[in-house]
Amino acid sequence: MGSSSYLLQTLGLLLLCCTVAANKVPLANAKYKDPKEPLGVRIKNLMSHMTLEEKIGQMVQVERVNATTEVMQKYFVGSVFSGGGSVPKPYISPEAWVNMVNEVQKKALSTRLGIPIIYGIDAVHGHNTVYNATIFPHNVGLGVTRDPGLVKRIGEATALEVRATGIQYVFAPCIAVCRDPRWGRCYESYSEDHKIVQQMTEIIPGLQGDLPTGQKGVPFVAGKTKVAACAKHFVGDGGTLRGMNANNTVINTNGLLGIHMPAYHDAVNKGVATVMVSYSSINGLKMHANKKLITGFLKNKLKFRVLIRSTHLLVLIIHTLCMLLPLRDSIWSVSKMVLNFKDIESDSNFPMQFMGSSNLTKLIDELTSQVKRKFIPMSRIDDAVKRILRVKFTMGLFENPIADHSLAKKLGSKEHRELAREAVRKSLVLLKNGENADKPLLPLPKKANKILVAGTHADNLGYQCGGWTITWQGLNGNNLTIGTTILAAVKKTVDPKTQVIYNQNPDTNFVKAGDFDYAIVAVGEKPYAEGFGDSTNLTISEPGPSTIGNVCASVKCVVVVVSGRPVVMQPYISNIDALVAAWLPGTEGQGVADVLFGDYGFTGKLARTWFKTVDQLPMNVGDPHYDPLYPFGFGLITKPN
């Protein structure tokens, strides 16, 4: 080894030691570490110690695969997340999740100021990315229940299961008011009626905990069994033209404030910790650039004090503009968006996978440069960082940054699965039950000689759960997680002597020769999420129509529609004896059988209008051209046996 090489290595080692030592030097007057100090004092004190680079780092969120030691310590990253389907390994335990999150947390704590990260994940119908978690019905079904107490209990259960994996923050609830079922996110919306969506904001105190007496509109997270929530997507994302994802919502002020805004009043009053800004537009102006609504209304009028988030498309836009536009326009695009709202950079699996570490560097360098050149005022950065730190201090992250395994048994617990089963029962809507009240088919008799169960959705847990389950777009089959399919539930419910025959798509001859007492046909949509679910025809997936025709022409049948929204059913109604809207019920298919066989009665009422043809869309209750197949609020009631 040459002397010059030895000298370089020695100098490198000394530099590393000095860097580590510098990070460990105790700060003078570090009041932010003292939980006895008032919240405002802690925030102000910590910010007085922060460099510009450390402040900008708090505004950045990276996907977990990019949260390397180098990235976390070099850029002082403030938040990490798992995008849709982003897991350390398939089928891993909650303990393994905790260990992964803690490893990332330790990287953040090793920085100079030791500011903990907040780790986020999409938990839109339970802790839906994690194996063995309880998957609740999607919001489109929960709106049917009109039961805020039930939704609050679901929030409480979800918070426990999320915390069981060491995660402190969820990108939920979606409080969009879906006005056109052609939208691929319509199943994330509770209803076309803002009043129902407002009621369902009760999930926020379920996730975060009840606000202390006398407080209103104050961000609050009650402790280590609760999570920070995120109301999304501000605002008008459910009203886009033709239901196209990320499209333009054309609406007057009265419509915007009267339909899409009310749930945000409730969310803020209930102390929601964060609000996510939509990637859609209002009257041609991208929401990310809408200073009037973000700053003027959300911040100033609603007095929202804490974290305003962007969606992943903002990062793509920023990156694209920075890479393709001239320098002056690039500077304008970044500064414009930062000036409007930017507290945390992104929320999905797209941005960091799209951007990569090199583009993250460019973004941070560009923001830093623009502040130093006064394109972005320091006051805007300070405002964003103050909001971020407020959430972290409120959550107790500085006192308890490291998670443990004490809640591991809460994941997929029997108690939570029973709650999900209850939610399934209450979310079912009986749309038809015989030709008249004198000859109803439901409830079905448990004692029969032989019954047929058919359809693509009868024995498919992935289809039953829909999108945002284990992966972003959802999965096909029964190996994705633990749960009960509709077929398994039927077999468990009927009399032991009743023969259950399953044939996914039987032909007419099979049905006629089977001598069945009755048939259950489960059909619907295949899983999808976001823009991949945008549809112009809203038809059920093949071979669903032929299955209905082959079965229902030859034997008394109940058709169970498993879908994220109303779909075209008018052509089949005359051949169907009974019709049930099951929406996307999640892992607890036993709830479907509970009601089909009369252990519980049907109680659900449509929270969405069921159209006749797609040519009628958009069509919502109160519209002049209102002529539905089944109107908003419709639902036949049965009594339990």
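Residues numbered from 1 in each chain as written. Predicted model: local features only at pLDDT ≥ 70, side-chain atom pairs only at ≥ 80, totals over all residues. Heavy atoms only, no water.

### Thoughts on the state of the cysteines
Should the sulfur atoms of two cysteines be covalently bonded, the bond is a disulfide.
Thought 1: A full pass over the atoms with the stated rule returns 2 disulfides.
Thought 2: A sulfur-sulfur separation of 2.0 Å characterises the disulfide bridge that pairs Cys 552 with Cys 557. Disulfide Cys 552 to Cys 557: torsion about the S-S bond roughly 110 degrees, handedness right-handed.
Thought 3: Taking relative accessible area as the criterion, Cys 552 reaches 8% and is therefore assigned buried. (Disulfide = S-S within 2.5 Å. Buried < 20%, exposed > 50% of the residue type's maximum accessible area, 1.4 Å probe, protein only.)

### Some details on helix 2 (residues 39-49)
Thought 1: Those residues of helix 2 lying buried are Arg 42, Ile 43, Asn 45, Leu 46, Met 47 and His 49.
Thought 2: Its buried side turned inward, helix 2 meets helix 3 (52-58) and helix 16 (378-395). (Helix = DSSP H or I, 4+ residues; strand = E, 2+ residues; numbered from the N terminus. Contact = heavy atoms within 4.5 Å.)

### What to know about the nonpolar core
Thought 1: Residues Leu 46, Val 80, Phe 234, Tyr 264 and Leu 293 are the most contacted members of the largest nonpolar core, which totals 93 residues.
Thought 2: Filtering out sequence-adjacent residues up to four positions away, Phe 234 remains in contact with Met 261, Tyr 264, Val 275, Met 276, Val 277, Ser 278, Met 287, Leu 293, Ile 294 and Leu 298. (Core = buried A, V, L, I, M, F, W, Y, C linked by side-chain atoms within 4.5 Å.)

### Here we look at the pattern of salt bridges
Thought 1: All chains considered together, the criterion is met by 26 salt bridges.
Thought 2: Measuring nitrogen to oxygen at the nearest pair gives 2.7 Å for the salt bridge that ties Arg 417 to Glu 588. Of this pair, Arg 417 sits in helix 17 (residues 414-427) while Glu 588 sits in the loop between strand 16 (578-581) and helix 22 (590-596), and the two are 171 residues apart along the sequence. Across the pair, exposure class does not vary: Arg 417 and Glu 588 are buried alike.
Thought 3: The shortest N-O distance in the salt bridge between Asp 594 and Arg 425 comes to 3.0 Å. (Salt bridge = Lys/Arg side-chain N within 4 Å of Asp/Glu carboxyl O.)

### Quick notes on unusual backbone geometry
Thought 1: Cis geometry marks the peptide bond from Ala 172 to Pro 173, where omega comes out at 10 degrees.
Thought 2: Looking at the element boundaries, Pro 173 is found in the loop between strand 4 (169-170) and helix 8 (194-200).
Thought 3: The linkage connecting Phe 234 with the following residue, Val 235, adopts the cis geometry, with an omega of -5 degrees.
Thought 4: Here Val 235 shows up in the loop between strand 5 (230-234) and strand 6 (248-249).
Thought 5: At Glu 530, a residue that is not glycine, the phi angle is positive and equals roughly 55 degrees.
Thought 6: Looking at the secondary structure, you find Glu 530 in the loop between strand 14 (518-524) and helix 21 (544-552).
Thought 7: The exposure class assigned to Glu 530 is buried, which follows from its relative accessible area of 6%.
Thought 8: One non-glycine residue, Leu 538, adopts positive backbone phi at about 55 degrees.

### Thoughts on the layout of surface pockets
Summary: where empty space remains is shown by rolling a probe the size of a single water molecule over the atoms.
Thought 1: Empty space within the largest pocket amounts to approximately 270 Å³.
Thought 2: Along its surface, the largest pocket is lined by 16 residues, and Arg 179, Gly 239, Thr 240, Val 250 and Pro 618 are the ones closest to its centre.
Thought 3: Both domain 1 (31-322 + 330-340 + 354-410) and domain 2 (428-630) contribute no fewer than three residues apiece to the lining of the largest pocket. (1 Å grid on protein atoms, 1.4 Å probe; cavity = no way out; pocket = protein on both sides within 12 Å on 5 of 7 lines; lining within 4 Å. Points joined across faces, edges and corners; volume = space filled by probe spheres on them. Domains from an automatic or database assignment.)

### Considerations on helix 10 (residues 253-260)
One full turn of an α-helix is made of 3.6 residues, so residues set three or four places apart face in the same direction.
Thought 1: By the burial criterion, the buried members of helix 10 are Gly 255, Leu 256 and His 260. Buried residues along helix 10 cover an arc of 100 degrees about the axis, so they all sit on one side. Along helix 10, exposed side chains directed more than 90 degrees from the buried face belong to Thr 253 and Asn 254.
Thought 2: Contacts from the buried residues of helix 10 go to helix 11 (262-269), strand 8 (281-282) and helix 12 (291-301). (Arc of directions from axis to C-beta.)

### Side note on the pairing of strand 16
Thought 1: Across the two faces of strand 16 the burial is the same, with Ala 578 and Val 580 and Leu 579 and Ala 581 all buried.
Thought 2: Taken together, the 4 bridges between strand 11 (residues 429-433) and strand 16 define a ladder with antiparallel strand orientation. Looking at strand 16, one finds that Asn 433 is bridged to Ala 578. (Pairing = 2+ DSSP bridges.)

### Section: the sheet that holds strand 1 (residues 61-63)
Thought 1: Pairing is parallel in the open sheet, where 4 strands are placed in the order 1-2-3-4. The open sheet is flanked by strand 1 and strand 4, the only strands paired with a single partner.
Thought 2: Taken together, the 4 bridges between strand 2 (residues 79-82) and strand 3 (residues 118-121) define a ladder with parallel strand orientation. Note on strand 3: the bridge partner recorded for Val 80 is Tyr 119.

### Structural notes on the sheet that holds strand 15 (residues 557-562)
Thought 1: Here 6 strands make up an open sheet; going across it, the order is 11-16-15-14-12-13 and the pairing mixed. Edge positions in the sheet fall to strand 11 and strand 13 (499-503), since each has one partner strand and no second. Sheet twist, expressed as the mean angle between neighbouring strand axes with direction ignored, is 15 degrees.
Thought 2: In this structure, strand 12 (residues 450-454) lies alongside strand 14, joined through 4 bridges in parallel fashion. For Ala 454, the partnering residue across the bridge sits in strand 14 and is Val 521. (Axes fitted to C-alpha atoms, helices over the stretch in contact; angles between N-to-C directions.)

### Points about the packing of aromatic side chains
Thought 1: This structure, assessed with the given rule, holds 12 aromatic pairs.
Thought 2: The interplanar angle of 80 degrees and the centroid separation of 6.2 Å between the aromatic rings of Tyr 32 and Phe 398 together place this pair among those described as edge-to-face. Taken together, the residues span a long stretch of sequence, with Tyr 32 in the loop between helix 1 (3-24) and helix 2 and Phe 398 in the loop between helix 16 and helix 17 at a distance of 366 residues.
Thought 3: Since its relative accessible area comes to 16%, Phe 398 is described here as buried.
Thought 4: With 5.1 Å between their ring centres and 90 degrees between their planes, Phe 234 and Tyr 264 make a pair best called edge-to-face. (Phe/Tyr/Trp six-rings, centres within 6.5 Å; stacked < 30°, edge-to-face > 60°.)

### Describing the environment of Trp 610
Thought 1: Within the secondary structure layout, Trp 610 lies in the segment after helix 22.
Thought 2: Sequence spacing of Trp 610 and Val 568 is 42 residues, and the spatial spacing of their C-alpha atoms is 8.6 Å.
Thought 3: Excluding its chain neighbours within four sequence positions, the residues that come into contact with Trp 610 are Leu 431, Val 561, Pro 566, Val 567, Met 569, Ala 581, Trp 583, Pro 628, Leu 629 and Tyr 630.
Thought 4: Within the local environment of Trp 610, its side chain forms a polar contact with the backbone oxygen of Val 567, the two atoms lying 2.9 Å apart. (Polar contact = N/O pair within 3.5 Å; in protein donor to acceptor, adjacent residues only side chain to side chain.)

### Regarding the confidence of the model for the chain
Thought 1: Here the chain averages 90 in pLDDT, while 87% of its residues score no lower than 70.
Thought 2: With pLDDT under 50 throughout, residues 1-25 is counted as low confidence; its partners more than four residues away or in other chains account for 5 contacts.
Thought 3: Predicted confidence is poor over residues 344-357, with pLDDT under 50, and the contacts of this stretch with residues over four places away or in other chains come to 59 contacts. (pLDDT = per-residue confidence, 0-100.)

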